[in-house]
Each structure stands twice: as C-alpha cells, then as structure tokens.
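Here are the chains, one letter per residue:
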Amino acid sequence: MNDPIGDMLTRIRNSQMRGKSTVMTPASKQRARVLDVLADEGYIRGYAPATDKNGHPAFEISLKYYEGTPVIRELKRVSKPGRRVYLGVGDIPQVRQGLGVSIVSTSKGVMTDATARSQNVGGEVLCTVF
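The present account deals with the structure reproduced in this document. If you're wondering where the values come from, they're calculated on a predicted model, not measured in any experiment.

## Things to note about the overall build of the protein chain
In terms of helices and strands, the protein chain carries three helices and ten strands. Along the protein chain, helices (α) and strands (β) appear in the sequence α-β-α-β-β-β-β-β-β-β-β-α-β when read from the amino end. On C-alpha atoms alone, the protein chain measures out to a radius of gyration of 15 Å, which is about the 14 Å that the 2.2 N^0.38 rule sets for 130 residues. Projected onto the principal axes, the alpha-carbon positions of the protein chain cover approximately 45 × 35 × 25 Å. In the protein chain, of all internal contacts separated by at least 6 residues, the share reaching a separation of at least 24 is 61%. For the protein chain, the exposed surface amounts to about 7500 Å²; the carbon and sulfur share of it is 47%. Charge separation in the protein chain, taken as the distance between the mean sites of 19 positive and 12 negative side-chain charges, equals 4 Å.

## Digging into unusual backbone geometry
One non-glycine residue with positive phi stands out, namely E67, at about 50 degrees. Inspection of the secondary structure assignment puts E67 in the loop between β4 (65–66) and β5 (69–70). One non-glycine residue, N120, lies in the positive phi region at around 60 degrees. One can find N120 in the loop between α3 (113–118) and β10 (123–129). The class for N120 is exposed, based on a relative accessible area of 56%.

## Some thoughts on the environment of I72
With respect to the secondary-structure elements, I72 resides in the loop between β5 and β6 (75–77). Between the C-alpha atom of I72 and that of V129, which follows or precedes it by 57 residues, the distance is 6.9 Å. I72 has contacts with I12, Q16, Y43, I44, V129 and F130, leaving out every residue within four places of it along the chain.

## Concerning the side chain of S79
Residue position: S79 is located in the loop between β6 and β7 (86–87). For S79, the contacting residues outside a window of four places in its chain are R84, V85, E124, V125 and L126.

## Observations regarding the packing of aromatic side chains
Within the structure shown, the criterion is met by one aromatic pair. Relative to F59, the ring of Y47 has its centre 5.0 Å away and its plane inclined at 80 degrees; by these criteria the two rings are edge-to-face. Residue Y47 is located in strand β2 (residues 44–51), and its partner F59 is located in strand β3 (residues 57–63); the two are separated by twelve residues in the primary sequence. Directly above the aromatic system of F130 lies the positively charged group of R96, at a separation of 4.4 Å from the ring centroid.

## Quick word on the pairing of strand β1 (residues 22–26)
Looking along a regular strand, one sees the side chains alternate between the two faces of the sheet. Burial of the side chains of β1 is restricted to one face: V23 and T25 are buried, whereas none of T22, M24 and P26 on the reverse face is. Sheet topology note: the β1/β3 ladder contains five bridges and is antiparallel. Along β3, the bridge assignment pairs V23 with I61.

## Concerning the environment of L63
For L63, the location among the structural elements is in strand β3. On a C-alpha basis, the gap between L63 and G88 in space is 32 Å, while along the polypeptide they are 25 residues apart.

Cut-offs and rules
Residues numbered from 1 in each chain as written. Predicted model: local features only at pLDDT ≥ 70, side-chain atom pairs only at ≥ 80, totals over all residues. Heavy atoms only, no water. Helix = DSSP H or I, 4+ residues; strand = E, 2+ residues; numbered from the N terminus. Rg over C-alpha atoms; globule rule 2.2 N^0.38 Å. Contact = heavy atoms within 4.5 Å. Areas by Shrake-Rupley, 256 points an atom, 1.4 Å probe, with all protein chains shown as cover. Lys, Arg positive; Asp, Glu negative; His and termini not counted. Charge placed at Lys NZ, Arg CZ, Asp CG, Glu CD. Buried < 20%, exposed > 50% of the residue type's maximum accessible area, 1.4 Å probe, protein only. Phe/Tyr/Trp six-rings, centres within 6.5 Å; stacked < 30°, edge-to-face > 60°. Lys NZ or Arg CZ within 6 Å of the ring centre and 35° of its normal. Pairing = 2+ DSSP bridges.

Right under this line is the structure:
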C-alpha cells in the first residue's frame, strides 16, 4: 500500500456513505495520531485497538452521526505520496473560515492547524476535515 493515511480516510468516507457505525483499518502509529486528532475535535466517537481476520493489528473506528447524517461532511487528503505539501506556520490555511480543521504533521507531532499556529510550527498538511 502506497498511501496508508489516504486508505484510512477513504475507508471512513465509504463507511459513512453506507451508514456504518464502525470501520476497521490496519494499525500504525501515524494512523493512531490522526485518529487522536479526529477524536479530540469531535469528528469520530473514538477508536479501539483490535485484530483483523488474519491476526494483524487493526483499529476499530466508531463513527459519529448527528440526526442520521455523518458529522464529517468532507474529508480530503492534501499531501499525497506523489506530491507532498509542506507549509510554514504562516501559510497553513484555515478550512471553511475556521469551521473545519487541517491535520498537520509537525516536528512536535500530529496536530490541528490551530494548534500548529499556537505552537509556531509548520509541517506536512496531511488532510482537511469539515
């Protein structure tokens, strides 16, 4: 697999379109950090470590809905394996005038765009969520 973060985001997007309550994705440290940010911002209920059918480590992600519609309206991958996007602290864009968040991988860890601005660090913009 060339893009594990993109794969996880696509699994979440597809599961929400089908109205599923949970989705499984292979486990990794970076996926866990992205899921931590999504849970802290209230876009997912949470996640728990699990194992898949073959015994490999995985995460079971609990999706969040409000009155039957998914909380996540738009989930886009920004930095892709073929085109990485690195931005300084002053260049990190706001998503929908601050209603959404950008998830940024910095030298201080994976965090939201607002946290990166407050800590004065830039980095790789992984995805945007609205």
